[in-house]
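Chain by chain, the residues run as shown.
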Amino acid sequence: MHYFKRFIVLFLVLSIQGVIFSEGLNEGTSLETRNRYQANQGMIVPSQEIITDLYIASFNYQYPDPDNQIKAYFYNQLGKTGGNGQEGLLQIGLQGKTLTFSDLPPLNLAFVVDTSSSMNEDDKIAWIKESLVNFTNKTRAVDSLALVGFNDSVQVLFESARMDSPEKRRQFVDAVNNLNPEGGTQLEVGMKAGYEQAVINKRKGAVNLVLLFSDGTDLSERLAKGGAHSGDIRISLMWNNRNDLDLHVITPQGEEIFFDNTKDSTGGWLDVDRNVHGETTEPVENVFWYEGAVHGRYRVYVQNYDYHERNYAPTQFQIEIKSGDELNNYRGIVSGYGRASNTEVAAFEYPGKGLLAQIYQQAEDYRAQGIGISTLGIGGSFDEQLMRALAQHGWGNSRILSNREAAQEILGNDREFGRIAVHAAEELEMRVEFTEGIEILDAWGLEYQIDRNVVSFQIPAIHQADYKTLLVRYRLPPLFAGKKSASFYIRATADPEGGNIVSQSGEIALTQEPDAAASRTLQRSAAMLNFADSLKEIGDIYYGTAEIADRLGRALAITRQSRLELEDTRLNLKDTDAFTPELAILSRYDEILMASLTERGVHTEPFTPRVTEQPVEVPVEEPPAPVVVTVYEEPPVPTTVYEEPIPVAATVDEEPRPAAIAEPEPIRTYSRMSFPATPTISRMMID
């Protein structure tokens, strides 16, 4: 019977407010906004979708602008001593220098603009046109520009040329005004043409960069609105009438995922099921494996479960299949209804994890030639993971432009342009070595390696005016008699040609009490770590195997404990705006869990906030800089100059010890933000 068919709650969507973000802030804030939207739609977020590193990146601590290309700032605090010893938290802020546009190196930019039909929606193409025209007016005679448009095919609208005359600027503006959206979205053809244009005027010492603008596809728009997940495998069905089409997937184990069996034993899940009652003319259905999809052959077919249109004509449909990093599209027609209408669409082999799309490999190959790529997602329906990964492989940066103002700001503001386009330093290596006997418990912020008492971070690039926040949690054993300190060493290439080296080294006194500003910085970071851990624990409990009422009760208790902890920290910081997004997620969780318990006859009291009035907001002073970075014309043996340290004590290493530079044989290696490294495929599109 049709009324037994289950309607799945709408899930994941990317909903971004009208702002642009810095490198770390962009990724963290978009993740947090997405998780908040999930909660608003009635979803408890699974633990695997909570990425602590991005929550750490979601706050800009306003590290001081350095005198040279980059500078590191250290903040440390020891906690209370307990039976297991004394834990401490070390925060490292890396900040790139801000330059005005006139002081930037020569620019060699290839703008690659998505001109698919979806760019007409909300007048998105006009945002990009206005931004590019205004940028053209500020270019210098040493700067080179190119313009590529892509949809089902690619057009080089303006070949790379120096902007050394009013006539060339006019010609570039004319090319921008000829960007006319139509057709679909094939990302790789546009990228390739953009790289080819960047090669034409590639110069030593210049910023050689492809800037990619895209809003995704029509299908991705519906998937975003419908709340569809993605992962190892995603199979998405789209059609354009009120009929109730159903997506069926048969797994290698012979299990069938469809409306009456929404999950299989390996993690496959039908998370979006539309038009049960003929509610929309823009429906979508979606089956995904977030991770853990098994190797083997998958079969996909479509059924018209029931007519909701008066005309019983055949229904055209489109299916997109993401298998690993490969995307393929299929079109078909379904006639009749019920089992008689079953239409097999495709069968595909999922080879398992470890594939790297050809598009990522292309970014790496051109990066090796000195040409990077940065990505700008327009609106809210693009594949955020793809765009971020593409920029990461190309040593670029990713941004979200959700409205006209944000699009204007990214190219019009010197600071924001530096964050997306210009490196402050490359190939940065950072090592922190604690005194022997001190245990490193964990680290966050970037890829890292831990070998006993040494933690190492590798950072491909830091952009101008941008920042990175790294956290290290460590423990001093009970009655620890060793020296309570850690030495650090930082080395980076400070220009693209490798002729300028930034180096810092010194010692951090772990016993020094932080000043008020540093203490607030550390309180905020510790609270964010605890918040992310709480979300993971809530997700694990909620989707666990225990009895449902028990799971709901335990998840609610952790939700409320986390709310109280954030409220306490907010009061301590005396900051009215602190943790507003995080508290919004927990508040919605509270409503979801209470409603579920009430449905099962379990009475719970409403949450009582710690206080009813808002805390008084006070200005937060800038964290002072403990270290001055020494910049060298040629890369000699690094030395370091120090100012009077305030957050932590530092002493000078006149000659950094060789042991501080040599790479250890890691015992634990973590790559939370890493991506596969094996090339594939046939065709890649933004989903």
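Predicted model, so just to flag it, every value in this text is computed and none were measured.

Cut-offs applied
- Residues numbered from 1 in each chain as written.
- Predicted model: local features only at pLDDT ≥ 70, side-chain atom pairs only at ≥ 80, totals over all residues.
- Heavy atoms only, no water.
- Helix = DSSP H or I, 4+ residues; strand = E, 2+ residues; numbered from the N terminus.
- Buried < 20%, exposed > 50% of the residue type's maximum accessible area, 1.4 Å probe, protein only.
- Contact = heavy atoms within 4.5 Å.
- Pairing = 2+ DSSP bridges.
- Axes fitted to C-alpha atoms, helices over the stretch in contact; angles between N-to-C directions.
- Core = buried A, V, L, I, M, F, W, Y, C linked by side-chain atoms within 4.5 Å.
- Salt bridge = Lys/Arg side-chain N within 4 Å of Asp/Glu carboxyl O.
- Right-handed = clockwise from strand over helix to strand, strands pointing away.
- Parallel < 35°, antiparallel > 145°, perpendicular 65-115°, else oblique.
- Left-handed = near helix turned anticlockwise from the far one by under 90°.
- Nonpolar A, V, L, I, M, F, W, Y, C, P; charged D, E, K, R; others polar.

> Before we go on, may I ask you to explain the overall build of the chain in this structure?
Of regular secondary structure, the chain possesses 13 helices and 30 strands. The buried share of the chain, taken over its 687 residues, is 58%. Intrachain contacts of the chain at a sequence separation of at least 6 include 76% that bridge at least 24 residues.

> Looking at this structure, I do not really get the sheet that holds strand β6 (residues 207–214). What am I missing?
Strand pairing in a sheet relies on backbone hydrogen bonds, with the paired strands running either antiparallel or parallel. As summarised here, the arrangement of the six strands in space is β5-β4-β3-β6-β17-β18, forming an open sheet in which the pairing is mixed. At either margin of the open sheet sits one strand with a lone partner, and together these are β5 (154–162) and β18 (398–401). On average, adjacent strands in this sheet sit at an angle of 15° to one another, irrespective of strand direction. In this structure, strand β3 (residues 107–114) lies alongside β6, joined through seven bridges in parallel fashion. Opposite Leu109, over in β6, you have Leu209 as the bridge partner. Contacting β3, β4 (144–150) and β5, helix α4 (residues 166–177) crosses the sheet at an angle of about 165° to β5. Of the strands in this sheet, β3, β6, β17 (372–378) and β18 are in contact with helix α9 (residues 404–412), which crosses β18 at around 145°.

> Looking at this structure, how should I read the nonpolar core?
Here is a general trend for soluble globular proteins: nonpolar side chains tend to be buried in one another's company. In terms of nonpolar packing, the biggest core is built from 40 residues, with Phe531 and Leu535 touching the most fellow members. Elements with a minimum of two residues in this core: α2 (52–56), β1 (70–82), β23 (467–476), α11 (516–542), α12 (548–573) and α13 (580–599). Here this core takes 11 residues from α11, the largest share from any one element. Ignoring anything within four residues of it in the chain, the contact list for Leu535 reads Val45, Ile50, Tyr55, Ile585, Leu586 and Tyr589.

> How do you make sense of the pattern of salt bridges when you look at a structure like this?
A pair can form between side chains of opposite charge whenever their charged atoms are brought close. In this structure the tally under the stated criterion is 24 salt bridges. Here Asp590 and Arg560 are joined by a salt bridge, their closest N and O atoms 2.8 Å apart. Taken as a pair, Asp590 in helix α13 and Arg560 in helix α12 lie far apart in primary sequence, 30 residues in all. Looking at Arg560, the relative accessible area reads 17%, which means it is buried. Across the salt bridge formed by Glu599 and Arg600, the nearest N and O atoms sit 4.0 Å from each other. Arg600 sits in the partly exposed class, given a relative accessible area of 43%.

> Explanation requested: the sheet that holds strand β15 (residues 343–350) in the structure shown.
Strands sit in the order β9-β8-β12-β15 across an open sheet of four strands; the sheet is antiparallel. Because the sheet does not close on itself, it has two edges, and the strands there are β9 (256–257) and β15. As judged from the seven bridges shared by strand β8 (residues 244–250) and strand β12 (residues 296–306), these two strands associate in the antiparallel manner. Note that in β12 the partner of Asp244 across the bridge is Asp306.

> I tried to follow the pairing of β4 on my own but got confused; where do I start?
Within a regular beta strand, the side chains point alternately toward one face of the sheet and then the other, so they alternate between its two faces. Along β4, seven of the seven residues are buried, which leaves the element largely enclosed by surrounding structure. Residue alternation in β4 divides its side chains into two sets, Ser144, Ala146, Val148 and Phe150 and Leu145, Leu147 and Gly149, and both sets are buried. Pairing between β3 and β4: seven bridges, direction parallel. Bridged to Phe111 within β4 is Leu147. For the handedness criterion, the β-α-β arrangement of β3, helix α3 (residues 124–138) and β4 is classed as right-handed. The antiparallel pairing of β4 with β5 creates a hairpin that spans three residues between the two strands.

> I would appreciate a short explanation of the packing of α12 against α13 in the present structure.
The packing of two helices is summarised by the inter-axis angle and the distance between the axes. Contact geometry of α12 with α13 gives a least axis separation of 9 Å together with a crossing angle of 155°. As the angle between them shows, α12 and α13 are arranged roughly antiparallel. Of the two elements, α12 crosses α13, and the hand of that crossing is left-handed. Within the contact between the two elements, α12 uses Ala549, Leu552, Gly553, Ala555, Leu556, Thr559, Arg560, Ser562, Arg563, Leu566, Glu567 and Arg570 and α13 uses Thr580, Glu582, Leu583, Leu586, Ser587, Tyr589, Asp590, Leu593, Met594, Ser596 and Leu597. Its residues placed into classes, the contact of α12 with α13 shows 11 nonpolar, six polar and six charged.

> Honestly, the packing of α11 against α13 in this entry has me stumped. Any pointers?
Contact pair α11 / α13: the axes reach a minimum separation of 12 Å and the direction vectors enclose 25°. For the element pair α11 / α13, the angle class is roughly parallel. Taken as a pair, α11 and α13 cross one another with a handedness that is left-handed. The segment α11 lies against α13, with Met528, Phe531, Leu535, Ile538 and Tyr542 engaging Glu582, Ile585, Leu586, Tyr589 and Leu593. Residue composition of the contact of α11 with α13, by class: nine nonpolar, no polar and one charged.

> Sorry if this is basic, but what is going on with the pairing of strand β13 (residues 315–323) here?
Counted residue by residue, β13 has eight buried out of nine residues, so it is predominantly covered. Here strand β7 (residues 233–239) runs beside β13; their pairing, made up of seven bridges, is antiparallel. By the bridge assignment for β13, Leu237 is matched with Ile319.

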